[in-house]
Amino acid sequence: QVLLVQSGAEVKKPGASVKLSCKASGYTFTHYSMHWVRQAPGQRLEWMGWINCNTGDTKYSQNFQGRVTLTRDTSSSTAYMELSSLISEDTAVYFCARPVNYADYLDFWGQGTLVTVSS
Amino acid sequence: EIVMTQSPATLSVSPGERATLSCRASQNIGINLAWYQHKVGQAPRLLIYDTSSRATGIPGRFSGSGSGTEFTLTIDSLQSEDFAIYFCQQNNKWPPLTFGGGTKVEIK
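The structure displayed is predicted, hence computed values, not measured ones.

> If you had to explain the overall build of chain B to someone new, which residues and values would you point to?
Tallying secondary structure elements over chain B gives zero helices and 11 strands in all. Starting at the N terminus and walking to the C terminus, you meet the elements of chain B as β-β-β-β-β-β-β-β-β-β-β. Its C-alpha radius of gyration of 13 Å places chain B within 12% of the 13 Å reference for a compact globule of 108 residues. In terms of its C-alpha atoms, chain B occupies a principal-axis envelope of roughly 35 × 25 × 25 Å.

Okay, structure coming up:
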């Protein structure tokens, strides 16, 4: 079955960077893209970016002003999200999510990773 | 950016009753809308895509309708496991994908 397993919770200081992983199994990794979405406390889901897991092409939300970098490692079927210059407002649960094969509806999600930014 | 607005924020419903949730898009998105169910501590679950198609394994009591800017999710005969937060998402024009703020369906 399709599984997306994310890395564990992180605590970071303001100004630091965090790199999260999302290991995929149960399907051919390069046949699908991956989205990253986050949810801050009390806020709606916020889309961060997208990566084509075959080509490595990316699209990003302008809301992050270049602080997000998505990469992937096809040899390990793992997608990565790095967020730099962390601020307290980046405290959130971060999800990776795989879209269906014909449209960007998200049918498989990771379990989420809590990132806490605190001095 | 397309803004998705959901109403109501909270819906109190008795088990066995029907719940009707609304989602409005700030511009025409055709039928490019999905609904998700989200429970605390769990990953969101895709319920409905393309406005009215049920995702794999989703019970028939969940149905979606609408087009353009107005959309509805209906849950017939609410079961105990249906009490959760529901949110909509558009993929008509992205980036960015955008999500509604959610409707919490709680036990009356």
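> Can you tell me about the side chain of Thr78 of chain A, naming the residues and giving the values?
All names here are of chain A. Along the chain, the position of Thr78 falls in strand β8 (residues 78-83). Given the relative accessible area of 6%, Thr78 is considered buried. At 3.0 Å, the side chain of Thr78 and the backbone oxygen of Ser76 are in polar contact. Those residues in contact with Thr78, other than ones at most four positions away along the chain, are Ser21, Cys22, Lys23, Phe29, Arg72 and Asp73.

> Could you give an account of the state of the cysteines, with specific residues and numbers?
Residues and elements named next belong to chain A. Tallied over the entire structure, the rule returns two disulfides over all chains. Between Cys22 and Cys96 runs a disulfide, and the two sulfur atoms are separated by 2.0 Å. Measuring the twist about the S-S bond at about 75 degrees, one finds the Cys22-Cys96 disulfide to be right-handed. A residue pair is termed long-range when its members are at least 10 positions apart, and Cys22 in strand β3 (residues 18-25) and Cys96 in strand β9 (residues 92-99) qualify at 74 residues. Judged on exposure class, the residue Cys22 and its partner Cys96 are both buried.

> Describe the sheet that holds strand β3 (residues 19-25) of chain B, and please don't skip the residues or the numbers.
Residue and element names in this part refer to chain B. Read across the sheet, four strands follow the order β1-β3-β8-β7 without closing on themselves; strand pairing throughout is antiparallel. Lying at the two open borders of the sheet, with one neighbouring strand each, are β1 (4-7) and β7 (62-67). Between one strand and the next, the sheet's axes are offset by a mean angle of 20 degrees, whatever the strand orientation. Looking at chain direction, β7 and strand β8 (residues 70-75) are connected through six bridges and run antiparallel. Counterpart to Ser65 in the pairing with β8 is Thr72.

The rules behind each value
- Residues numbered from 1 in each chain as written.
- Chains lettered and ligands numbered in written order.
- Predicted model: local features only at pLDDT ≥ 70, side-chain atom pairs only at ≥ 80, totals over all residues.
- Heavy atoms only, no water.
- Helix = DSSP H or I, 4+ residues; strand = E, 2+ residues; numbered from the N terminus.
- Rg over C-alpha atoms; globule rule 2.2 N^0.38 Å.
- Buried < 20%, exposed > 50% of the residue type's maximum accessible area, 1.4 Å probe, protein only.
- Polar contact = N/O pair within 3.5 Å; in protein donor to acceptor, adjacent residues only side chain to side chain.
- Contact = heavy atoms within 4.5 Å.
- Disulfide = S-S within 2.5 Å.
- Pairing = 2+ DSSP bridges.
- Axes fitted to C-alpha atoms, helices over the stretch in contact; angles between N-to-C directions.

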